[in-house]
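Results of the structural survey
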Protein chains: 2
Amino acid sequence: MNLKQLSDQLGLSQTTVSRALNNYPEVNEHTRQRVKLAAREYNYHPNTRATRLATGRAMTVGHVIPMNSTEVFNPIFGEFIAGASQAYSRRGYELLLTMADEDMEESIYRGIASKGSVDGVIIHAPRVNDSRIKLLQQLQLPFVVHGRDHSNTSDYSWIDMNNRRAFYQATKLLIDLGHKNICLVNGSETLNFARRRRQGYVDALCDDQTGANPDLMYSGDLNEANGYSAAATALGQSDAPTAFLVSSYVGALGVRRAIHEAGLEIGSDISVIIHDDELSYFQNDGDIPQFTATRSSVRDAGERAAGMLLDIIDDPNQAPLTELLDAPLTIGSSTGPLKK
Amino acid sequence: MNLKQLSDQLGLSQTTVSRALNNYPEVNEHTRQRVKLAAREYNYHPNTRATRLATGRAMTVGHVIPMNSTEVFNPIFGEFIAGASQAYSRRGYELLLTMADEDMEESIYRGIASKGSVDGVIIHAPRVNDSRIKLLQQLQLPFVVHGRDHSNTSDYSWIDMNNRRAFYQATKLLIDLGHKNICLVNGSETLNFARRRRQGYVDALCDDQTGANPDLMYSGDLNEANGYSAAATALGQSDAPTAFLVSSYVGALGVRRAIHEAGLEIGSDISVIIHDDELSYFQNDGDIPQFTATRSSVRDAGERAAGMLLDIIDDPNQAPLTELLDAPLTIGSSTGPLKK
DNA sequence: AGGATATTTTAAAGCGCTTTGGTTAGACTG
DNA sequence: CAGTCTAACCAAAGCGCTTTAAAATATCCT
């Protein structure tokens, strides 16, 4: 069933039927009801391909997921996207997902822009000095960054948490508990967020005159295996850490394994603080959460980011939108005073 | 730059330019090169909205991810989709992602079909007696099921692993090692795959005359927390299990936590076998993998499923395609003989 | 050379919507 | 009652491609 058939059926013009369905005012209320009823009856839905061509809008948002050979799909992206999709479906948009090896990224964005398959994109996991921001500004394609690039001083829309502050506070807590050898198990520091978190960690140590020890900073893709090997290595050192600060729950799972394997008990023998993105498959809640954590819902961030992007698409000339989320430190059972 | 502008620029008709770019034979090779060069120079890409209307094909595949309030985005879906997207991008297709609460599922599929926004869909996580299969058959929308619905005897395309066999073998191994109290930590048994795995587990126990004990079977959403509580509960029972069979790596992380908390050592005190989907963030490999596991790459399954679907879209009248993947049992360090 | 055939190019008709720029009929004004 | 408004509807153009049917040009053969 297409528009022509429906309007023939009703003895009305396509114009009137289209307007009736799209709630234009210049159609008689009685007619409108008649049209809507018939549309439901025949299960008529306007063909999106035609609508999109006619309106010049894709009604679609693109998410280009950065990927490399070992890190394929970070669970954090999944949760972010789940949040975003809430906003899209509420506002009649669809979500186009593309996986991109880093060396394909530019051509993917260029293609997306010139083919007109989306009205805007979300930039995931911004790097330090990220080329995507510049590219999209140049291509004039609306976008929102999940995170920021602190090395880019231009105006663009983003939503981010206060990474430096969160990790400063977390480190401070460990220091206050008496810890001196605190191991940072961080994400890859080509990524802006990881850079900021290290900054917070280093700042806290320096403020305390302890100073940061490069041997206690791990940076890299944060999966279970790498979390494990980072922690196992650190624990094998002569001056082993008594506390860990881990950038993700998933990484902390590996850290937890290494700690147990070393025969130590989390909370009593050794302290752990994580950043908790509140993934649904890795919940860290309850009265006393398993891990002491800085906490910020990535799903919520996804929903907000998507909403911001749709606002920008609706009115592309407004000033960039930004939102800074808080990541409060919540005490769980994984931290305790330094054991003498 | 659109087709008209490009063809004016070249002094050719739109027809010839379109054909040159789409590699139709009836265009002079010299002309084709000239056109392609110009297209590259002006960064011309055909507008997908127009192409799709003209061809009547969406060049898009839909993935509708089942979701409920607690389980938002299973990392397994992410990995599957990453695999699928390889196939799509190779063959010029795009991937439309939708999250669906179970009660919205039917209307989402109906909408997708009648709006024509996709050429086919992948069904994720089929349930026992799954309504989606019937619906899509009725809607005549091409689809491939990741998994099967054993209660549905009609012909449809699927890719699946041999769940019953894998869990039969895994259980058999534990029995051969002397274990009698084997706890099954399974996914939700509304899902077909979980039902089959339990079948394999029960069959192996019955073949051994041990018989299955309902108190040792957990079934539910398999996240870290539920894996933990299932295992913790089981270990607290009077006749505590000496071995666990866990349906996913993520669930096993919770089981691992409970075992450690009980002061037991995996491999020596207690055995664990998991099903390993080979998620990139949860690798279980190396010379001696952490976990003994039945193993099947879900990423690979995604790529194959997508390929099958595109084949079906290209030729919708062929017989349904099916593929049964093997999930071989690989010995790791998490299994050992029953401790006397 | 000149018709027949093969190759290359083109004009124009869709694809199924939205939207512009009307027209028509009835209501209202003075 | 002519003239003006307004409410309700419609014909047709246009979105940017692909594809059909036909025209123009090149190549071949006797």
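Residues numbered from 1 in each chain as written. Chains lettered and ligands numbered in written order. Predicted model: local features only at pLDDT ≥ 70, side-chain atom pairs only at ≥ 80, totals over all residues. Heavy atoms only, no water.

Some details on the protein's contact with DNA strand D
The environment of DNA strand D is formed by 27 residues, the closest being A:Thr15, A:Arg19, B:Ser18, B:Arg19 and B:Tyr24. Of everything in DNA strand D that lies within 4 Å of the protein, sugar and phosphate atoms constitute 58%. Those elements that place two or more of their residues in the surface near DNA strand D are helix H2 (14-21) and helix H4 (48-55) of chain A together with helix H2 (14-21) and helix H4 (48-55) of chain B. Each residue belonging to the surface near DNA strand D can be placed in one class, and the counts come to 10 nonpolar, 14 polar and three charged. (Near = heavy atom within 4 Å. Helix = DSSP H or I, 4+ residues; strand = E, 2+ residues; numbered from the N terminus. Nonpolar A, V, L, I, M, F, W, Y, C, P; charged D, E, K, R; others polar.)

Focus on empty space enclosed by the protein
In this structure the tally under the stated criterion is three cavities of 30 Å³ or more. Quantified by volume, the largest cavity comes out at close to 170 Å³. Taken together, 18 residues form the lining of the largest cavity, with A:Arg52, A:Thr60, A:Glu94, B:Arg52 and B:Thr60 sitting closest to its centre. Within the residue set of the lining of the largest cavity, elements represented by two or more residues are H4 and strand S2 (94-101) of chain A together with H4 and strand S2 (94-101) of chain B. (1 Å grid on protein atoms, 1.4 Å probe; cavity = no way out; pocket = protein on both sides within 12 Å on 5 of 7 lines; lining within 4 Å. Points joined across faces, edges and corners; volume = space filled by probe spheres on them.)

Description of the sheet that holds strand S3 (residues 120-123) of chain A
Sheet architecture is open: 12 strands sit in the order S11(A)-S5(A)-S4(A)-S3(A)-S1(A)-S2(A)-S2(B)-S1(B)-S3(B)-S4(B)-S5(B)-S11(B), paired in mixed fashion. A strand with exactly one partner marks an edge of an open sheet, and here the two such strands are strand S11 (322-325) of chain A together with strand S11 (322-325) of chain B. Adjacent strand axes in the sheet meet at a mean angle of 20°, parallel and antiparallel pairs treated alike. In terms of strand pairing, strand S4 (residues 143-146) of chain A meets strand S5 (residues 158-161) of chain A through two bridges, oriented parallel. (Pairing = 2+ DSSP bridges. Axes fitted to C-alpha atoms, helices over the stretch in contact; angles between N-to-C directions.)

Re the packing of H2(B) against helix H3 (residues 29-41) of chain B
Residues and elements named next belong to chain B. Where H2 contacts H3, the axes come no closer than 9 Å and their chain directions differ by 85°. Between H2 and H3, the angle is such that the two are roughly perpendicular. In this structure, H2 uses Thr16, Val17, Arg19, Ala20 and Leu21 to contact H3, whose residues at the interface are Thr31, Arg32, Val35, Lys36 and Ala39. For the contact of H2 with H3, the per-class residue count stands at five nonpolar, two polar and three charged. (Parallel < 35°, antiparallel > 145°, perpendicular 65-115°, else oblique. Contact = heavy atoms within 4.5 Å.)

Overview of the domain arrangement of chain A
Residue and element names in this part refer to chain A. Parsing chain A into structural domains produces domain 1 (3-55), domain 2 (60-161 + 298-325) and domain 3 (163-297). Once you take the C-alpha centre of each, domain 2 and domain 3 turn out to be 28 Å apart. Listed per partner, the contact involves 20 residues of domain 2 and 19 residues of domain 3. For the pair domain 2 and domain 3, the summed buried surface comes to about 1,500 Å²; carbon and sulfur atoms form 52% of the total. Counting across the interface, domain 2 meets domain 3 through zero salt bridges. (Domains from an automatic or database assignment. Buried area = accessible area lost by both parts, 1.4 Å probe. Salt bridge = Lys/Arg side-chain N within 4 Å of Asp/Glu carboxyl O.)

Observations regarding the packing of helix H1 (residues 3-10) of chain A against H2(A)
Residue and element names in this part refer to chain A. One can describe the packing of H1 onto H2 by two numbers: an axis separation of 9 Å at closest approach and a directional angle of 100°. Comparing the axis directions of H1 and H2 gives the class roughly perpendicular. Within the contact between the two elements, H1 uses Leu3, Lys4, Leu6, Ser7 and Leu10 and H2 uses Gln14, Val17, Ser18 and Leu21. Of the residues assigned to the contact of H1 with H2, the class counts are five nonpolar, three polar and one charged.

Structural notes on the pairing of strand S9 (residues 271-276) of chain A
All names here are of chain A. Summarising burial for S9: six of the six residues are buried, a large majority. Residues of S9 alternate between two faces, with Ser271, Ile273 and His275 on one and Val272, Ile274 and Asp276 on the opposite face, all of them buried. On the question of chirality, the crossover connecting strand S8 (residues 243-246) to the parallel S9 by way of helix H11 (residues 249-261) is right-handed. Here S9 pairs with strand S10 (residues 292-295) via four bridges, running parallel. By the bridge assignment, isoleucine 273 is partnered in S10 with threonine 292. (Buried < 20%, exposed > 50% of the residue type's maximum accessible area, 1.4 Å probe, protein only. Right-handed = clockwise from strand over helix to strand, strands pointing away.)

Describing helix H3 (residues 29-41) of chain A
All names here are of chain A. Along its 13 residues, H3 runs 18 Å from first to last C-alpha, staying within 8% of the 18 Å computed at 1.5 Å per residue. Buried within H3 we find Thr31, Arg32, Val35, Ala38 and Ala39. Projected onto a plane normal to the axis of H3, the buried residues spread over an arc of 135° and lie on a single side. Turned more than 90 degrees from where H3 packs its buried face, His30, Leu37, Arg40 and Glu41 sit exposed. Elements in contact with the buried residues of H3: H1 and H2. Regarding H3, its N-cap is asparagine 28, as a side-chain oxygen of that residue lies 2.7 Å from the backbone nitrogen of histidine 30 further along. (Expected span 1.5 Å × (residues − 1). Arc of directions from axis to C-beta. Polar contact = N/O pair within 3.5 Å; in protein donor to acceptor, adjacent residues only side chain to side chain.)

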